[in-house]
Amino acid sequence: GDSVTQMEGPVTLSEEAFLTINCTYTATGYPSLFWYVQYPGEGLQLLLKATKADDKGSNKGFEATYRKETTSFHLEKGSVQVSDSAVYFCALTTSGTYKYIFGTGTRLKVLA
Amino acid sequence: GAGVSQTPSNKVTEKGKYVELRCDPISGHTALYWYRQSLGQGPEFLIYFQGTGAADDSGLPNDRFFAVRPEGSVSTLKIQRTERGDSAVYLCASSLRLAGDRDTQYFGPGTRLTVL
């Protein structure tokens, strides 16, 4: 079945460091890919998405590129801030379905 | 505009009791989803409504779980004879579900259910 694998956390970085959170997927058909973020005490928020191969989603300085050849959708940010501390979830949905398949989440902690 | 709202935000109950969790989707969203998020895990799909009908309830873990959406807006997730293993955060999401669109789901803040 379809699945999403994320790198395990927690990830601890200093402010202004470069961030990569790895996400790979297994899917039948052509999935859409998403990154959601969950800040402390808040609900899941869509961070960015990509709907076809080679698409790049971006928002708030975060980027992720849909790589069909490596079945990956890694999240990157060039310079993290303390306010980026949160749990990040990679997710997919495939054509003809509606359910999201989520990864287990990666906790990011950014230190001042 | 208003996002997805869920009530209560926290629910503590005793094993064997019945609980209802409510979701109020974004106005105009025809699709509604319930997920369950256990500690340290990603959300797992429970059920999907398109309008008033449950289009897919394949994620409901057993027949103690039931959900309704009688008027195509607000939905209630009902859990009978609760067990300690039901403790989790229950998330609701809604979407426009436009034809041909790779849908984006918008999530509520969740209801944290604790079964003692």
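None of these values were measured; they are calculated from a predicted model. (Residues numbered from 1 in each chain as written. Chains lettered and ligands numbered in written order. Predicted model: local features only at pLDDT ≥ 70, side-chain atom pairs only at ≥ 80, totals over all residues. Heavy atoms only, no water.)

(A) Looking closely at the sheet that holds strand 3 (residues 19–21) of chain A. All names here are of chain A. Spatial ordering of the open sheet is given by 3-9-8-7, a layout of 4 strands whose pairing is antiparallel. Edge positions in the sheet fall to strand 3 and strand 7 (56–59), since each of these pairs with one other strand and no more. Going across the sheet, the axis of each strand differs from the next one's by a mean of 15 degrees, ignoring polarity. Two strands pair when backbone bridges link them, and strand 7 and strand 8 (residues 62–65) are joined in this way by 4 bridges, in the antiparallel orientation. Opposite G57, over in strand 8, you have A64 as the bridge partner. (Pairing = 2+ DSSP bridges. Helix = DSSP H or I, 4+ residues; strand = E, 2+ residues; numbered from the N terminus. Axes fitted to C-alpha atoms, helices over the stretch in contact; angles between N-to-C directions.)

(B) Broad picture of the side chain of Q6 of chain B. Residue and element names in this part refer to chain B. By secondary structure assignment, the location of Q6 is in strand 1 (residues 5–7). Given the relative accessible area of 6%, Q6 is considered buried. At a separation of 3.0 Å, a polar atom in the side chain of Q6 contacts the main-chain amide nitrogen of C92. Here G110 takes part through its backbone nitrogen, which lies 2.9 Å from a polar atom of the side chain of Q6. (Buried < 20%, exposed > 50% of the residue type's maximum accessible area, 1.4 Å probe, protein only. Polar contact = N/O pair within 3.5 Å; in protein donor to acceptor, adjacent residues only side chain to side chain.)

(C) Representation of the state of the cysteines in the model. Tallied over the entire structure, the rule returns 2 disulfides over all chains. Residue C23 of chain A pairs covalently with C90 of chain A via a disulfide, S to S 2.0 Å. For the disulfide bridge between C23 of chain A and C90 of chain A, the dihedral angle about the S-S bond is near -70 degrees, and by the sign convention the bridge is left-handed. Residue C23 of chain A is found in strand 4 (residues 23–26), and its partner C90 of chain A is found in strand 10 (residues 86–94); the two are separated by 67 residues along the sequence. Take C23 of chain A and C90 of chain A: they sit in the same class, and that class is buried. Between the sulfur atoms of C23 of chain B and its disulfide partner C92 of chain B the distance amounts to 1.9 Å. Its S-S torsion of approximately -65 degrees makes the covalent link between C23 of chain B and C92 of chain B left-handed. With C23 of chain B in strand 3 (residues 19–24) and C92 of chain B in strand 9 (residues 88–95), this residue pair connects regions lying 69 residues apart in the sequence. Both residues of the pair, C23 of chain B and C92 of chain B, belong to the buried class. (Disulfide = S-S within 2.5 Å.)

(D) Examining the sheet that holds strand 1 of chain B more closely. All names here are of chain B. The strand order across the open sheet built from 4 strands is 1-3-8-7, with neighbouring strands paired in antiparallel fashion. Either end of the sheet is taken by a strand with one partner, and the two such strands are strand 1 and strand 7 (65–68). Strand-to-strand twist across the sheet, computed as the mean angle between neighbouring axes with direction ignored, equals 15 degrees. In terms of strand pairing, strand 7 meets strand 8 (residues 75–79) through 4 bridges, oriented antiparallel. In the sheet register, V68 faces strand 8, and the bridge partner there is T76.

(E) Quick peek at the packing of aromatic side chains. Enumeration over the complete set of coordinates arrives at 16 aromatic pairs over all chains. Centroid distance Y100 of chain A to F102 of chain A: 5.9 Å. Interplanar angle 50 degrees. Geometry classified as tilted. Judged by centre distance (5.1 Å) and plane angle (20 degrees), the ring pair of Y33 of chain B and Y48 of chain B falls under stacked. Of the two residues, Y33 of chain B sits in strand 4 (residues 31–37) while Y48 of chain B sits in strand 5 (residues 44–50), which places them 15 residues apart along the sequence. Residue classification places Y33 of chain B among the buried positions, given a relative accessible area of 0%. Classification of Y48 of chain B as buried rests on a relative accessible area of 4%. Here a set of aromatic residues connected by ring pairs shows up, and it is made of F34, Y36, F89, Y100 and F102 of chain A together with Y35, F45 and F107 of chain B. (Phe/Tyr/Trp six-rings, centres within 6.5 Å; stacked < 30°, edge-to-face > 60°.)

(F) Examining the nonpolar core more closely. Among the nonpolar cores identified, the biggest contains 26 residues, and L19, W35, L47, L48, F73, L75 and Y88 of chain A are the most heavily contacted of them. Elements represented by at least two residues in this core include exactly strand 2 (11–14), strand 3, strand 4, strand 5 (31–38), strand 6 (44–50), strand 8, strand 10 and strand 12 (106–111) of chain A. Among the elements that make up this core, the one with the highest residue count is strand 10 of chain A (4 residues). Not counting residues up to four positions away in its chain, the partners in contact with L19 of chain A are V11, L13, F62, L75, E76, K77, V80 and L108 of chain A. The next biggest cluster of nonpolar side chains, apart from the first, holds 20 residues, and it includes V19, C23, I47 and C92 of chain B. (Core = buried A, V, L, I, M, F, W, Y, C linked by side-chain atoms within 4.5 Å. Contact = heavy atoms within 4.5 Å.)

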